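The lines below spell out each chain.
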Amino acid sequence: SSFIEFAGKHCIISFIQDITERKQLEEVLSEMDRLGTNTLAVAEGSGGLLGIVTRTGINKQLASQAERRRLAAESLAHIGQLISRSLDPEEVAQQIVEGLRALLHVKISCLFRLEPESGELATVAISGKEASIDGSRPIFPRRTGVSCLAVSERRPVTSPDALTDPGMILTPELQAYVEQMEYRA
């Protein structure tokens, strides 16, 4: 989450990114280090060989992910061009979240407005297949969910599973929303 100024108000822009594949690759590299090998055979539960994994192959995949992130960062200028085409704050907000979601290859991108008196995050714009199940723009009470926690603690916050994370506070509505998503990290 990052703070930005939007339509004269302080807002937070937040992204949800699935890091499962990267974590799995890092675990395989860690196992290779533990075993002292550059090659690892991968088998399924019944003992059938699924394939051979090499350190070089994993490093190439990680490098590819890094290249995608670099291209996304370079493309932020394109988003600037998109948002300069409109003076309507709602349209600009929607262009921001859609452009950043596509550029960063994240499943959901949100732009929140921080309500200074209550500490709540009001959704200004949201983009992604699962972004808004009923088309609403939810308001997140202070310290609930990943984005609010990041704002209140003023640091990036991640969770492997928001539903089972003991440090995550979810209202019943937010819990029902997360339960409907295909991923929870």
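Before reading further, recall that the structure is shown in the block above.
Position numbers for residues count from 1 along each chain, tracking the sequence in the order it is written. In keeping with the predicted nature of the model, local features appear solely for residues at pLDDT of at least 70, side-chain atom pairs appear and are counted solely at 80 or more, and the whole-chain, interface and lining totals rest on all residues. Water and hydrogen atoms were dropped before computing side-chain values, which therefore reflect all heavy atoms in the structure.

(A) Up close: the environment of Val 92. Structurally, the position occupied by Val 92 is in helix 4 (residues 89–104). A C-alpha to C-alpha distance of 9.7 Å links Val 92 and Ala 7, two positions 85 residues apart in sequence. Helix and strand assignments follow DSSP, with helices taken as H or I runs no shorter than four residues and strands as E runs no shorter than two, numbered in order from the N terminus.

(B) Here's a closer look at the nonpolar core. Phe 112, Leu 121 and Phe 140 are the most contacted members of the largest nonpolar core, which has 18 residues in total. Secondary structure elements with two or more residues in this core: strand 5 (108–114), strand 6 (121–127), helix 5 (145–153) and helix 6 (172–179). Of the residues forming this core, the biggest block, 4 residues, is contributed by helix 5. Setting aside anything within four residues of it in sequence, one finds Phe 140 in contact with Phe 112, Glu 120, Leu 121, Thr 123, Cys 148 and Leu 174. Side-chain atoms within 4.5 Å link the members of a nonpolar core, which is a set of buried Ala, Val, Leu, Ile, Met, Phe, Trp, Tyr and Cys residues. The rule is simple: take the accessible area with a 1.4 Å probe, protein chains only, and divide by the maximum for that residue type; under 20% is buried, over 50% is exposed, in between is partly exposed. Any two residues whose heavy atoms approach within 4.5 Å at even a single point are treated as in contact.

(C) Spatial organisation of the side chain of Thr 171. Checked against the element boundaries, Thr 171 lands in the loop between helix 5 and helix 6. Contacts of Thr 171, omitting those with residues within four sequence positions, involve Pro 141 and Thr 144.

(D) Fine view of the pairing of strand 5. The buried count for strand 5 comes to 5 of 7 residues, which makes it a mostly enclosed element. In this analysis, strands are considered paired if DSSP registers two or more bridges between them. Both strand 5 and strand 6 contribute to a ladder of 6 bridges, which runs antiparallel. Opposite Leu 114, over in strand 6, you have Leu 121 as the bridge partner.

(E) Layout of the packing of aromatic side chains. Only rings of Phe, Tyr and Trp enter the pairing, Trp through its six-membered ring, and a pair is recorded when the two centres are within 6.5 Å. The plane angle decides the type: under 30 degrees is stacked, over 60 is edge-to-face, the rest tilted. Tallying each qualifying case throughout the model produces 1 aromatic pair. Residues Phe 112 and Phe 140 carry aromatic rings whose centres are separated by 5.5 Å and whose planes lie at 85 degrees to one another, so their mutual orientation is edge-to-face. Of the two residues, Phe 112 sits in strand 5 while Phe 140 sits in strand 7 (residues 139–140), which places them 28 residues apart along the sequence. One exposure class covers both Phe 112 and Phe 140, and it is buried.

(F) Spatial organisation of the pairing of strand 6. The element strand 6 is largely enclosed, with a buried count of 7 among its 7 residues. Hairpin connection between strand 5 and strand 6: a loop of 6 residues separates the two successive antiparallel strands, and Gly 119 in this loop has a positive phi of roughly 80 degrees. Here strand 6 runs beside strand 7; their pairing, made up of 2 bridges, is antiparallel. When the sheet's bridge partners are listed, Ala 122 is paired in strand 7 with Ile 139.

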